[in-house]
Amino acid sequence: MQPEEVKVLLDAHLPGCQVNVAGEGAKFQIRVVGPVFESLNAVKRQQAVYAAINEQISAGAIHAVTIQTYTPAEWASQS
């Protein structure tokens, strides 16, 4: 899989979020920033991202991911 393909999946599943995907082969680094994470704890945030790519993980197209999730306010304080 290519990073652009992973981004398309995430964009479709998490509308209104800024999605950045880097990596190659089956290993990707994913950063998602969006208001959808406002009321979610860390585990629920990760589950929301995994829900978008779970089929590709099961099929072996994605082997490893590093996920970072932020609300817009959290991302603004990081920058």
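Look up a bit, the structure's there.
Predicted model, so just to flag it, every value in this text is computed and none were measured.

(A) Structural detail: the overall build of the protein. When its secondary structure is counted, the protein shows 3 helices and 3 strands. Secondary structure elements of the protein, listed N to C terminal, follow the sequence α-β-β-α-β-α. Its C-alpha atoms give the protein a radius of gyration of 12 Å, near enough to 12 Å, the size a compact globule of 79 residues would have. Each principal axis of the C-alpha atoms in the protein carries an extent, and together these give about 35 × 20 × 20 Å. Residues classed as buried in the protein amount to 30% of the 79 residues present. Here the analysis covers contacts within the protein between residues at least 6 apart in sequence; of these, 55% occur between residues at least 24 apart. Of the roughly 4700 Å² that the protein leaves accessible, carbon and sulfur atoms contribute 51%. Charge separation in the protein, taken as the distance between the mean sites of 5 positive and 7 negative side-chain charges, equals 7 Å.

(B) Structural view of the side chain of Thr69. If you trace the backbone, Thr69 turns up in strand β3 (residues 64-70). Judged by its relative accessible area of 14%, Thr69 falls in the buried class. The contacts of Thr69, once residues within four sequence positions are left out, are Val32, Phe37, Arg45, Val49 and Glu74.

(C) Examining the environment of Tyr50 more closely. Mapped onto the fold, Tyr50 is located in helix α2 (residues 42-59). In this structure Tyr50 comes out as partly exposed when scored by relative accessible area, which is 31%. Placed 15 residues apart in sequence, Tyr50 and Val65 show a C-alpha to C-alpha distance of 9.3 Å.

(D) Here's a closer look at the packing of helix α1 (residues 3-13) against α2. Direction vectors running N to C along α1 and α2 enclose 130 degrees, while the axes themselves pass 9 Å from each other. In terms of orientation, α1 lies oblique with respect to α2. The chirality of how α1 crosses α2 is right-handed. The segment α1 lies against α2, with Val6, Leu9, Leu10 and His13 engaging Ala48, Val49, Ala51, Ala52, Ile53 and Gln56. Within the contact of α1 with α2, the residues separate by chemical class into 8 nonpolar, 2 polar and no charged.

(E) Local environment of the packing of aromatic side chains. All told, the structure shown has 1 aromatic pair when counted by the stated rule. Taking 5.1 Å as the distance between ring centres and 55 degrees as the angle between the ring planes, the aromatic pair formed by Tyr70 and Trp75 counts as tilted. A relative accessible area of 13% means that Tyr70 is categorised as buried. Taking the relative accessible area as the measure of exposure, Trp75 reaches 25% and is therefore partly exposed.

Parameters at a glance
- Residues numbered from 1 in each chain as written.
- Predicted model: local features only at pLDDT ≥ 70, side-chain atom pairs only at ≥ 80, totals over all residues.
- Heavy atoms only, no water.
- Helix = DSSP H or I, 4+ residues; strand = E, 2+ residues; numbered from the N terminus.
- Rg over C-alpha atoms; globule rule 2.2 N^0.38 Å.
- Buried < 20%, exposed > 50% of the residue type's maximum accessible area, 1.4 Å probe, protein only.
- Contact = heavy atoms within 4.5 Å.
- Areas by Shrake-Rupley, 256 points an atom, 1.4 Å probe, with all protein chains shown as cover.
- Lys, Arg positive; Asp, Glu negative; His and termini not counted.
- Charge placed at Lys NZ, Arg CZ, Asp CG, Glu CD.
- Axes fitted to C-alpha atoms, helices over the stretch in contact; angles between N-to-C directions.
- Parallel < 35°, antiparallel > 145°, perpendicular 65-115°, else oblique.
- Left-handed = near helix turned anticlockwise from the far one by under 90°.
- Nonpolar A, V, L, I, M, F, W, Y, C, P; charged D, E, K, R; others polar.
- Phe/Tyr/Trp six-rings, centres within 6.5 Å; stacked < 30°, edge-to-face > 60°.

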